[in-house]
Amino acid sequence: MSESEKKSVLFISTFNSVRSQIAEALLNHLYGDYYEAYSAGLKPADIHPLAVKVMQEIGIDISGQKPKSIDEIIGTRIFDYVVTLCDEAFETCPYFPGGKKYIHKSIDASFQLEDKPELYIESFRRMRDEIKSFIVKTFKPESLKGKPIKEVLELGRKPSWLLKFFKRTEPIERLTAPFRRFIELQSSSGILLLLCISIALVLSNILGSLYVDLWEMEITLSIASFSITEPLRLWINEGLMTIFFLLVGLELKREFLVGELTSLKKFALPLFAALGGMVFPIIIYSILNMGGVGITGWGVPMATDIAIVLGIVTLIGRGIPDSLKVFLASFAIIDDLGAVVAIAIFYPSKIYLPAFIVIVVFAASLVAINYLGAKNMILYALLGVGLWFGFFESGVEPALAGLILALVIPAKRALGSAEFLDVCYASLNQLEKKVPLSRNEIDIDRDITVNVIDKACDMTVPLMVKLQESIHPWVAFLIIPLFILANTGINLLGLDVGFILTQPVTLGIVAGLFFGKQIGITLFSYISVKFGLASLPSEVNWKHIYGAALLGGIGFTMSLFISNLAFTSQILLDMAKIGILLGSLISGLTGFLYLKMITKTKKTTET
């Protein structure tokens, strides 16, 4: 088809022209023989690096594209189609005069983060896939019908019979859909955590000593002649929480490899914010507890609980910039790393040196199998259990074994993208030649071919990603809730609450979380930007940073974990729990109201 016969399409968007540039690249890539696509934006700027990244994932390079304004294109030609890719609130037909047919497609660019910070890139992937689906549906040339499977796949489309299969749902899937949607909600783990806090407080005051006795019940783990007997609370805190630390380690590793911490430019602002958010709470707590019995709890107000923070941000709504959510998640992850370092160095119990030989042996074995390219999850799990036992006997917090295990989990793919496509194309070609079967018929050769594709898919996903995705629901919806239930309960009926609220431990934690976090995060962020060491994210101002600093005072899971290591006295532990509850509640409520206020002010101003 000659250039003159092609139909011309202009895509227009806001959000730094990202949506229009993705659409231009997709249409030219998919149906370049039939259409010539152009892009423009109302607020042109450099293309977002994550947009470049998600397009590179599907083999399209848009790094060289430069955004154009509508004014640059007006008058140059008449377009067959003018398409606005904007939010619902945007005017359907823009002022652009040179189009034969106008189309509006709402493509939401005010992303909501889901569950974890590294999934910010998933928002760009969803936007890319939604635009791609719209283009395939709207601009699909009639001449493409009847093409072989391989050619259709090369155009980025799935065969119709495959789509039909994936849309089929069984009754059990329809019944469980509401539960699956709840689990997929970004804020669900934070909501569940808040619910568990409430349950623990209510039950501990209703049941009294019965609630305490439940978590002190001894459980024995026996393997042949070897056995360990410990209270249920310890199995949760030092056993199950190892999996939590494994997830934290995997998240840190992924962020440093492919996420928001891959470069110094991305790393700088959340790093300084996290440093300030750790230093000032420690200083405030230490001043209030100087020379007292509670000085060992200086690490309690260090960390920020990312699950609750992101849950609150989600409840605020769509007025929060996505870049602020990434900033929040990034400094919370660095906070976790700082807390882990503090636990490892400053909160060991009595050290048993011979056990370090066990740690070295199993750690070296894990490094060795990683170097040799092992991808078997069971092998890593068995060696991880041995590493955990070494830590358990050494006196160093055994949950740290999870962090070390995360560092050696392979992040490389066993099969590259080109090899994966070759396997899939060859297998699909074989399936295409076979006679169709009903759902209940069995064909061994066909099943083997499908298993080859399944194996190829498995080999294309790194073990690190598979492990992270598999353990995350267990951590978010079982391990952390159990930890909260086992450690948050306080029988207020047996305590002199007035006395506890005036004690240095309680005051130090409350002041550290509320004042220390907001002062440290805001001040260190300002200094880093003022001296050119970092820059504010796009669409984020200092009001947003201060709101993030307020939410940074929500320190729960890691704070409770450290308090159990820092205090052996029950009265000091109760003070710490009350301080964590109060500090987190004040910070969360203040941060929520403040961010809600500034987002409302912004909407009113724009209106």
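Residues numbered from 1 in each chain as written. Predicted model: local features only at pLDDT ≥ 70, side-chain atom pairs only at ≥ 80, totals over all residues. Heavy atoms only, no water.

1. Section: the overall build of the protein
Counting its secondary structure elements, the protein contains 24 helices and 6 strands. Counting every atom, the protein has about 29,400 Å² of accessible surface; 64% of that belongs to carbon and sulfur. (Helix = DSSP H or I, 4+ residues; strand = E, 2+ residues; numbered from the N terminus. Areas by Shrake-Rupley, 256 points an atom, 1.4 Å probe, with all protein chains shown as cover.)

2. A short note on the environment of phenylalanine 272
Turning to its location among the elements, phenylalanine 272 is positioned in helix H11 (residues 264–289). As a C-alpha pair, phenylalanine 272 and threonine 522 span 250 residues in sequence and 9.5 Å in three-dimensional space. If we ignore the near neighbours within four places in the chain, the residues touching phenylalanine 272 are Phe524, Ser528 and Leu533. (Contact = heavy atoms within 4.5 Å.)

3. Things to note about the packing of helix H13 (residues 322–346) against helix H23 (residues 557–566)
Put simply, H13 and H23 touch, their axes get as near as 11 Å, and they point 10° apart. Relative to H23, H13 is oriented roughly parallel. Between H13 and H23, the residues in contact are Asp336, Ala339, Val340 and Ile343 and Met558, Phe561, Ile562 and Leu565, respectively. Taken together, the residues of the contact of H13 with H23 sort by class into 7 nonpolar, no polar and 1 charged. (Axes fitted to C-alpha atoms, helices over the stretch in contact; angles between N-to-C directions. Parallel < 35°, antiparallel > 145°, perpendicular 65-115°, else oblique. Nonpolar A, V, L, I, M, F, W, Y, C, P; charged D, E, K, R; others polar.)

4. A short note on the pairing of strand E2 (residues 35–41)
For E2, a buried count of 5 out of 7 residues is recorded, marking the element as mostly surrounded by other parts of the structure. Direction of pairing for strand E1 (residues 7–13) relative to E2: parallel, over a ladder of 7 bridges. Across the sheet, the residue bridging to lysine 7 is tyrosine 35, located in E2. (Buried < 20%, exposed > 50% of the residue type's maximum accessible area, 1.4 Å probe, protein only. Pairing = 2+ DSSP bridges.)

5. Section: the packing of helix H21 (residues 504–530) against helix H22 (residues 542–551)
Between H21 and H22, whose axes approach to 8 Å, the crossing angle comes to 145°. The handedness of the crossing between H21 and H22 comes out as right-handed. Of the residues in H22, those in contact with Phe514, Lys517, Gln518, Ile521, Thr522, Ser525, Tyr526 and Val529 of H21 are Trp542, Ile545, Tyr546, Ala549 and Leu550. Grouping the constituent residues of the contact of H21 with H22 by class yields 9 nonpolar, 3 polar and 1 charged. (Left-handed = near helix turned anticlockwise from the far one by under 90°.)

6. Remarks on the pairing of strand E5 (residues 218–223)
The pairing of E5 with strand E6 (residues 226–231) spans 6 bridges and is classified as antiparallel. For glutamate 218, the partnering residue across the bridge sits in E6 and is proline 231. Between E5 and E6, which pair antiparallel and follow one another directly, the connecting turn spans 2 residues, one of which, alanine 224, has a positive phi of 60°.

7. Describing the nonpolar core
Ranked by size, the top nonpolar core spans 113 residues in total, and within it Phe245, Ile484, Phe556 and Met558 carry the most contacts. Ignoring any residue separated from it by four or fewer positions in sequence, one finds phenylalanine 556 in contact with Leu193, Ile197, Asp305, Ile308, Ile484, Thr488, Ile580, Leu581 and Ser584. Judged by nonpolar contacts, the second largest core, of 33 residues, contains Val9, Phe11, Ala25 and Tyr35. (Core = buried A, V, L, I, M, F, W, Y, C linked by side-chain atoms within 4.5 Å.)

Geometric values such as these leave the question of function open.
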